Amino acid sequence: MIPFVLFSFKRAWQGFWRNALMSLAATLTMVLMLLLLAGFFILQNVLLASLSFVEQKVEVVAYVETTATQDQVDTLVARIKAMPQTTAVEFVTRDQALDRFRQAQQAQGREDLTKYLEANPLYASINVKLASPTDLDAVAEALREDPIVRNVLNIKALVDRVVTVTSFVRTAGIAMVVIVGLIVLFIIVNTIRLAVVARAEEIEIMRLVGASDAFIRWPFVFEGALVGLFGALLTLALLAAVADPLSRGMVGFFNVLPLQLGALGRDTALIVLGTGLGLGVLGSWLSVRTYLIR
């Protein structure tokens, strides 16, 4: 078995360089398609990070009665914080609420209307960040059950719209990646098939001298793997060259997004390498199999 594998690899290496022009064309096609696939994968991750950032901005705001004691507030905050549907709970006093209102007015260049007020008209509040927008009802109901809660701000209609939009965009993004993946598969397989068909005479001679299908097929399969490997390595080299400026550009533009660039780079490398090798082997296998059947 090992001698046969070594022989097949040697034949594949010879065939790759003997037909350098077709090998170069197949490798460049592989690089272009893998760049397209990697680009869509990166954009998909940026899109998902953007949607997660939007969803994390959803807050449940519960206004607290002015008669509530600090112990009652602390108990309620601890109970809500212990819920698995929440990620953060903040208690905002009346004075803090007034200060935030003034800062917001100043940031918008508006006149500070609070200077005309004799007393602070705002209520203290408990602001709750959700693990997911779909957890709104459970958290809001838990807040309403507490006697010190005056009322809970009703944002259900807004949250429903956010969930609808983000779900649609996620589905559309996944569908686009799948479509691009199928296009990449079609183009690469057909490119490798053209490279195999161009060597039809070589295959025919091998068959005339009595070579078995396995003897003919496996050198081509290894050759396809070489095309996929070289294409993937060239793609990774190009991505590595632009990774630093691209990362700085994305972080600079999306400076508020929690982009996991390290994990994204690792996943992209694995996808490019795995896809290149897989499509190279698959393209050669299907092409030679079809030709041998004919």
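Notes on the structure follow. From a predicted model like this one, the values you see are computed outputs, not experimental measurements. (Residues numbered from 1 in each chain as written. Predicted model: local features only at pLDDT ≥ 70, side-chain atom pairs only at ≥ 80, totals over all residues. Heavy atoms only, no water.)

1. Let's talk about the pairing of strand β1 (residues 59-64)
Inference 1: Note: β1 against strand β3 (residues 125-130), 5 bridges, orientation antiparallel. From the neighbouring strand, E59 faces β3, where its bridge partner is K129.
Inference 2: Note that β1 and strand β4 (residues 149-152) share 3 bridges and pair antiparallel. By the bridge assignment for β4, Y63 is matched with N151. (Pairing = 2+ DSSP bridges. Helix = DSSP H or I, 4+ residues; strand = E, 2+ residues; numbered from the N terminus.)

2. Focus on the pattern of salt bridges
Inference 1: Within this structure, the stated rule accounts for 7 salt bridges.
Inference 2: Where R100 meets E90, a salt bridge forms, and the shortest distance between an N and an O atom there is 2.5 Å. Highlighted residues: R100 in helix α4 (residues 94-107) and E90 in strand β2 (residues 86-92), separated in sequence by 10 residues.
Inference 3: Residue classification places R100 among the partly exposed positions, given a relative accessible area of 39%.
Inference 4: Close ionic contact of R144 with E141 constitutes a salt bridge, the shortest N to O distance being 3.9 Å. Taken together, the residues span about one helical turn, with R144 and E141 both in helix α5 (residues 136-144) at a distance of 3 residues.
Inference 5: Here R144 falls in the partly exposed class, since its relative accessible area comes to 44%.
Inference 6: Its relative accessible area of 42% is what places E141 among the partly exposed residues. (Salt bridge = Lys/Arg side-chain N within 4 Å of Asp/Glu carboxyl O. Buried < 20%, exposed > 50% of the residue type's maximum accessible area, 1.4 Å probe, protein only.)

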